[in-house]
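Okay, here's what each chain looks like letter by letter:
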Amino acid sequence: MSPAVQVSRGALGVDVLGSLSLVGALIKYLSLALLVPTAFALAYSEPVWPFVFTGLALGAAGALLERVPGSKEAVGVREGFLVVCITWLVAAGVGALPYVLSGEDQFANPIDAYFEGMSGFTTTGATVLTDVEALPRSLLMWRQLTQWLGGMGIIVLALAVLPRLRVGGRQLLEHELPGPEIEQLTARIRDTARRLWALYVVLTLTMLGVLLAVGWTGLDDRISPFEALAHALTTLPTGGFSTEARGVEAFGAATQWVIVGFMVAGGVNFALLYRALVRRQPRALARDEEFRLYLVLLLLGSLVLLTELWTEGVARSEEAVRTSVFQVVAIMTTTGYANADYSVWPLFAAVVLLALMFFGASAGSTSGSVKVVRHLLIGRILRRELDQTVHPEIVSRVRLNGVPVDERTLRAISSFVLLYVGIFALGALILVADGARVDSDLRLLHAIGAAATTLGNVGPAFGFAGPMGSFEPFSDVSKLVMIALMWLGRLEIIPVAVLLSRHYWRV
């Protein structure tokens with residue numbers, strides 16, 4: 001070990017300075033993203049200095065931090081946890097800075113700006129804005145872009161473009177991509193990251209082309225090129241930010257069905273999509289047990305919600321089908337778009353949507369929440385326990401796609417689900433207590449929904465924080481709690497929990 005690394009480790013078992021140096025490299029390259037809103041500001045004759053200042057300040061800070069002595073290449077398991085956790089906290093600040101500098105009244109409170117930044121990069125879609133249409137076009141595009149960057153992951157992008165991450169890339173990718181396991185597409189982890197991002201870009205451009213065609217052919221005159229780009233940037237990452245106050249409800253049926261299709265695609269394991277679309281192995285989709293269960297859950301949820309909306313007279317005919325399918329797909333994939341105000345729907349419909357917030361889509365997708373594969377394996381663990389209770393002599397292995405799943409992975413899944421439920425319950429309890437402290441109009445269902453939607457990176461909740469509302473009425477304390485929940489949800493809890501353990505910091 002080099003003297004520089006020994007100094008940076010000190011009495012700790014983790015290379016802190018080397019990790020910070022790597023974070024500096026990541027945020028330095030992230031500063032290039034500010035060129036996009038700068039271009040829009042110039043095109044629409046809007047102030048450019050919030051983006052220019054943020055980009056220059058970020059680039060300079062990243063370059064200085066990158067010079068911190070340490071081993072930037074020796075990213076081990078411990079360093080991976082630290083780099084990922086810090087990077088996402090910094091990314092939220094990067095997203096927030098243009099909001100603060102813009103001078104917009106809706107971002108006068110820095111906590112609100114940081115909430116919006118965290119919601120953007122974690123692809124949650126919860127917003128503190130009360131009048132989204134009042135924002136300048138350049139700021140709206142930056143808001144959309146934060147979700148696109150956060151969808152496939154900042155660090156996955158870094159792995160694809162930074163040559164220095166040849167060592168330790170596997171550890172970073174494992175902590176970055178959502179889900180219990182990663183399918184490596186190539187022998188080199190850098191090539192895997194490149195192919196995932198390439199597919200992500202191609203799908204985004206495809207959706208943009210389809211939406212432009214919908215507008216140009218007159219199927220939906222309300223979808224302009226700006227709107228098409230804005231919603232293409234937030235659909236594939238299952239983010240849910242919209243440029244319209246009424247969300248996707250502002251657009252026609254054709255646009256809504258297009259968005260449904262791409263939300264479903266965003267909820268599929270991208271490694272599986274790569275095999276099916278690029279390597280031309282469509283049977284891989286049919287053979288994948290998680291994908292099959294994913295489609296079944298979407299279908300069942302849509303049928304249940306359709307029955308409720310139809311019998312209660314909320315919607316009829318094609319509108320009822322479109323509304324139920326759209327909302328089930330949007331909530332389960334954690335996109336969080338809305339084509340109707342489900343806050344005013346019957347209680348049973350709200351309970352169905354709340355339950356879907358805990359499913360999520362596929363592992364390795366851009367969605368949040370628990371993920372379908374974890375539900376599938378938890379079910380099989382329970383079935384094995386029941387079988388062994390009746391027949392103690394039975395020795396069986398839990399399998400996924402015919403392959404035995406390692407017992408360590410099963411324990412990790414069980415631990416994650418237990419932590420997830422516990423943190424959700426604690427978050428909801430704090431929101432209820434804080435709501436009572438400030439005497440806000442926060443009902444129990446609304447608090448439960450807010451905790452579930454932020455931890456699951458879903459987006460809207462119920463009540464005043466519903467799909468046509470805003471999280472602005474929450475107190476600063478509640479907003480900070482939900483910021484933490486979004487962060488924990490995007491990192492899938494474990495990296496943060498490891499960082500908080502005493503053993504992590506010991507040699």
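Residues numbered from 1 in each chain as written. Predicted model: local features only at pLDDT ≥ 70, side-chain atom pairs only at ≥ 80, totals over all residues. Heavy atoms only, no water.

(A) View of the packing of aromatic side chains. According to the stated counting rule, one finds 18 aromatic pairs in the structure shown. Ring centres 6.4 Å apart and planes at 10 degrees place the aromatic pair Phe40 and Tyr44 in the stacked group. Relative to Tyr200, the ring of Trp197 has its centre 5.0 Å away and its plane inclined at 90 degrees; by these criteria the two rings are edge-to-face. A residue pair is termed a helical-turn pair when its members lie 3 or 4 positions apart in one helix, as Trp197 and Tyr200 do in helix H10 (residues 189–216) at 3 residues. Take Trp197 and Tyr200: they sit in the same class, and that class is buried. Among the aromatic residues, those joined into a cluster by ring pairs are Phe115, Phe464, Phe471 and Phe474. Looking at Arg137, its charged tip hangs above the ring of Phe226, at a distance of 4.2 Å from the centre. Looking at Arg143, its charged tip hangs above the ring of Phe241, at a distance of 3.8 Å from the centre. (Phe/Tyr/Trp six-rings, centres within 6.5 Å; stacked < 30°, edge-to-face > 60°. Helix = DSSP H or I, 4+ residues; strand = E, 2+ residues; numbered from the N terminus. Buried < 20%, exposed > 50% of the residue type's maximum accessible area, 1.4 Å probe, protein only. Lys NZ or Arg CZ within 6 Å of the ring centre and 35° of its normal.)

(B) Main features of unusual backbone geometry. Phi is positive for Asn401, which is not a glycine, with a value near 55 degrees. One can find Asn401 in the loop between strand S1 (399–400) and strand S2 (403–404). Owing to a relative accessible area of 36%, Asn401 belongs among the partly exposed residues under this scheme.

(C) Representation of the pattern of salt bridges in the model. Here the structure, examined in full by the defined rule, presents 11 salt bridges. Note that Glu116 and Arg143 form a salt bridge whose closest N and O atoms lie 2.8 Å from each other. Of this pair, Glu116 sits in helix H6 (residues 110–121) while Arg143 sits in helix H7 (residues 137–152); the two residues are 27 residues apart in sequence, bridging distant segments of the chain. Looking at Glu116, the relative accessible area reads 0%, which means it is buried. When the shortest N-O distance is used, the salt bridge between Glu289 and Arg380 registers 2.8 Å. One end of the pair, Glu289, is in helix H15 (residues 289–311); the other, Arg380, is in helix H18 (residues 372–390), with 91 residues separating them in the sequence. The exposure class assigned to Glu289 is buried, which follows from its relative accessible area of 18%. Here the residues in one salt-bridge network are Lys371, Arg374 and Glu492, joined through shared partners. (Salt bridge = Lys/Arg side-chain N within 4 Å of Asp/Glu carboxyl O.)

(D) Expanded view of the environment of Leu377. Relative to the helices and strands, Leu377 is located in helix H18. Considering only alpha carbons, one finds Leu377 and Ile413, 36 residues apart in sequence, at a separation of 8.1 Å. If we skip the residues at most four places from it in the chain, Leu377 touches Val398, Arg399, Leu400, Val405, Leu410 and Ile413. (Contact = heavy atoms within 4.5 Å.)

(E) Representation of the confidence of the model for the protein in the model. With 88% of its residues at a pLDDT of 70 or more, the protein shows a mean pLDDT of 87. No element of the protein has a lower mean pLDDT than helix H1 (residues 3–9), which averages 47, and none a higher one than helix H3 (residues 35–43), which averages 97. Note that pLDDT drops below 50 for residues 1–8; the model gives that stretch 13 contacts with residues more than four away or on any other chain. Confidence drops under pLDDT 50 across residues 163–171; counting only partners more than four residues distant or on other chains, this segment forms 22 contacts. (pLDDT = per-residue confidence, 0-100.)

(F) Layout of helix H11 (residues 225–235). Taken across its 11 residues, H11 has 9 buried, putting it largely inside the fold. Listed in full, the buried residues belonging to H11 are Phe226, Glu227, Ala228, Ala230, His231, Ala232, Leu233, Thr234 and Thr235.

(G) Layout of the side chain of Ser478. One can find Ser478 in helix H21 (residues 476–491). Overall, Ser478 belongs to the buried group, its relative accessible area being 2%.

(H) The arrangement of the packing of helix H2 (residues 16–30) against helix H4 (residues 49–66) in detail. Taken N-terminus to C-terminus, the directions of H2 and H4 make an angle of 155 degrees; their axes are 7 Å apart at the nearest point. Taken together, the axis directions place H2 and H4 in an arrangement best described as roughly antiparallel. Both H2 and H4 take part in a crossing whose hand is left-handed. Within the contact between the two elements, H2 uses Leu20, Ser21, Gly24, Ala25, Ile27, Lys28 and Leu30 and H4 uses Leu58, Gly59, Gly62, Ala63, Leu65 and Glu66. Residues belonging to the contact of H2 with H4 are distributed by class as follows: 7 nonpolar, 4 polar and 2 charged. (Axes fitted to C-alpha atoms, helices over the stretch in contact; angles between N-to-C directions. Parallel < 35°, antiparallel > 145°, perpendicular 65-115°, else oblique. Left-handed = near helix turned anticlockwise from the far one by under 90°. Nonpolar A, V, L, I, M, F, W, Y, C, P; charged D, E, K, R; others polar.)

(I) Structural view of a nonpolar patch on the surface. On the surface, Val296, Leu299, Leu300 and Leu303 cluster together to form a nonpolar patch covering roughly 360 Å² of accessible area. As for its position among the elements, Leu300 is in helix H15. (Patch = residues over 30% accessible without salt bridge, like charges linked within 9 Å, V, L, I, M, F, W, Y side chains within 5 Å. Areas by Shrake-Rupley, 256 points an atom, 1.4 Å probe, with all protein chains shown as cover.)

(J) Molecular detail of the packing of helix H12 (residues 253–266) against helix H16 (residues 317–332). Here H12 crosses H16 at 30 degrees, and the two axes come no closer than 10 Å. The handedness of the crossing between H12 and H16 comes out as left-handed. Listed contacts from H16 to Ala253, Gln256, Trp257, Ile259, Val260, Met263 and Val264 of H12 are Glu318, Val321, Arg322, Val325, Phe326, Val329 and Ala330. Here the contact of H12 with H16 is composed, by residue class, of 11 nonpolar, 1 polar and 2 charged.

(K) Quick look at helix H20 (residues 444–455). If you check H20, its first and last C-alpha atoms are 17 Å apart, about what 12 residues at 1.5 Å a residue would give, namely 16 Å. Counting buried residues in H20 gives 9 out of 12 residues, a clear majority hidden from the surface. Restricting attention to buried positions, one finds in H20 the residues His446, Ala447, Gly449, Ala450, Ala451, Ala452, Thr453, Thr454 and Leu455. The inward-facing, buried residues of H20 contact helix H17 (347–356), helix H19 (407–438) and H21. Directly after H20, the chain includes Asn457, whose backbone phi takes a positive value near 55 degrees. (Expected span 1.5 Å × (residues − 1).)

(L) The environment of Ser396, seen in detail. Among the structural elements, Ser396 can be located in the loop between H18 and S1. Given the relative accessible area of 29%, Ser396 is considered partly exposed. Taking the C-alpha atoms as reference points, Ser396 and Arg384, 12 residues apart in sequence, are found 7.3 Å from one another. Excluding anything up to four places from it in sequence, Ser396 contacts Arg384 and Gln388.

(M) Fine view of the side chain of Thr234. Within the element layout of this structure, Thr234 appears in helix H11. Reaching out from Thr234, the side chain makes a polar contact with the side chain of Tyr337 at a distance of 2.5 Å. In contact with Thr234, other than residues within four places in its own chain, are Gln144, Gln147, Gly239, Gly240, Phe241, Thr335 and Tyr337. (Polar contact = N/O pair within 3.5 Å; in protein donor to acceptor, adjacent residues only side chain to side chain.)

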